[in-house]
Amino acid sequence: MIVWASDLIIYLIEVYKASFYRAKDIILELLHKITKAYSLRKKEVTRYKLQAFRLIHGVADGFPGLTIEVYPQAFHGIIKEKQYFKQIPFFESALKNIAQELWQNDTVDFYWWDYSGRQVRAIHKLPLQRYEIFENNLKYEIHLGEDNHTGLFLDQRNNRRLIQSLASDKKVLNLFCYTGSFSIAALAGGASNAVSVDLSKKTLEWAKRNIILNNLDLNRSQLIAFDAVSCLKRLEKKNELFDLIICDPPTFSRSKNGFFSMEKNLEDLLGACLSILSSKGKLLFSLNAQKMNFRDFSLRVENVLREEKLQKPTYLGPSFDFPLYQKEPHLKACLIGK
């Protein structure tokens, strides 16, 4: 009996040691991948003094089904593969090393969102945090802990800078505007007027706060709570033209006017935008949909432009923190000119 007990103790010690070394190996592997991802971004983060950026971009950084974004003293992760749930403590341990380098402090908040099923849910939900971040010398209100969206799509950072550079004295239309980041960029760039359209009154209020936050003239801004597709039809009937249009739709949406899907309705949406684009006007047209690859997106866009007798668009590359995987961009975007 004593021999059996001693054997059991030895066995349990060996199991513990194996678990310990396995956990250590996992942490070291995660730390290596995360450190590599940060090292690839560090120069640009420092150059632009970014307060928010994507640290882990799925399979491109060696973590299929996982994204992690950095915000001031916080990490925001979205998990699409169940394999990562048990590894959350290891991720947090590894990420604290990055926090120490970024902020000289490893006291951080971790916001994890389970995106593996039909319903998005928070993991270890923390209280809602609201604060302001700088990007391209502009301020944006950010929410962490409210839902899986923070209020600013980081993949559009370069395109916001582009819109700001094109907006001077332009009449601007921002469709599916969400919290109005493109409208802020346009107004800051000297747009004569910016019309922002979104179905959600809540996000339009958020957009209004962003305008006020940047001391921009509310008199040059119209915030319209309406279905963007229906709004396009109304604008076309009124023969109202815009010099600069931003169309960054969701993959799909539902309103009282029906169901909208970019996979089915891309050509109709693009054609409607072109119908209210002024002579020599420009349209930023983008899509973030995994089901449609860049080749299909570009072919469908160019078919519409060919019918309209317009030149091929300028395709816009991804930001440095959204690296390509197998030459496929996360965000499909192009600038179209008349």
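Criteria and cut-off values
Throughout, a residue's number is its position along its own chain's written sequence, starting from 1. The predicted origin of the model limits local features to residues at a pLDDT of at least 70 and limits the giving and counting of side-chain atom pairs to 80 or more, whereas totals for whole chains, interfaces and linings rest on all residues. For the side-chain quantities, the full set of heavy atoms in the structure was used; hydrogens and water were omitted. What pLDDT reports is the predictor's confidence in each residue, on a scale of 0 through 100. The criterion used for residue contact is that any of the two residues' heavy atoms lie within 4.5 Å. Pairing between strands requires that DSSP locate at least two bridges from one strand to the other. Where helices and strands are cited, they refer to DSSP runs of H or I of at least four residues and of E of at least two residues respectively, numbered from the N terminus. Convention adopted: a line fitted to C-alpha atoms gives each axis, helices being fitted over their contacting stretch, and angles between N-to-C directions are expressed from 0 to 180 degrees. Crossing chirality is assigned from the near helix's rotation relative to the far helix, an anticlockwise turn below a right angle marking it left-handed and a clockwise turn marking it right-handed. Any residue that is not Ala, Val, Leu, Ile, Met, Phe, Trp, Tyr, Cys, Pro, Asp, Glu, Lys or Arg is counted as polar, Gly included; the first ten are nonpolar and the last four charged. For the exposure calls, accessible area comes from a 1.4 Å probe over protein chains only, and a residue counts as buried if that area is under 20% of its type's maximum, exposed if over 50%, partly exposed in between. Looking down the strands as they point away from the viewer, one classifies a crossover as right-handed if the path from the first strand across the helix to the second runs clockwise.

Caption draft 1: Molecular detail of the confidence of the model for the chain. Averaged over all residues, the pLDDT of the chain is 90; the fraction at 70 or higher stands at 90%. Confidence drops under a pLDDT of 50 for residues 10-18, and excluding neighbours within four residues, the segment shows zero contacts in the predicted structure.

Caption draft 2: A look at the sheet that holds strand E1 (residues 53-57). An order of E1-E2-E3-E4-E5 is seen for the five strands of this open sheet, with the pairing classed as mixed. Each edge of the sheet is formed by a strand with only one pairing partner; in this case those strands are E1 and strand E5 (121-123). Each strand axis lies, on average, 25 degrees off the axis of its neighbour in the sheet, ignoring direction. In the packing of helix H2 (residues 88-103) onto the sheet, contacts are made with E1, strand E2 (66-71), strand E3 (74-79), strand E4 (109-114) and E5, and the angle to E4 comes to roughly 140 degrees.

Caption draft 3: Molecular detail of the packing of helix H7 (residues 262-275) against helix H8 (residues 294-307). Two numbers describe how H7 lies on H8: the axes approach to 10 Å, and their chain directions differ by 35 degrees. Considering only the axes of H7 and H8, their crossing is right-handed. Within the contact between the two elements, H7 uses Met262, Glu263, Lys264, Leu266, Glu267, Leu270, Gly271 and Leu274 and H8 uses Phe297, Arg300, Val301, Val304 and Leu305. Here the residues of the contact of H7 with H8 sort into eight nonpolar, one polar and four charged.

Caption draft 4: Structural context of the pairing of strand E8 (residues 171-175). Counting buried positions along E8 gives four out of five residues, so the element sits mostly inside the fold. The pairing of E8 with strand E9 (residues 193-198) spans five bridges and is parallel. Bridging across to E9, Leu173 finds its partner in Val195. Crossover handedness for the path E8 to helix H4 (residues 181-188) to E9: right-handed. Bridge count for E8 against strand E11 (residues 242-247) is four bridges, and the pairing is parallel. In the sheet register, Leu175 faces E11, and the bridge partner there is Cys247.

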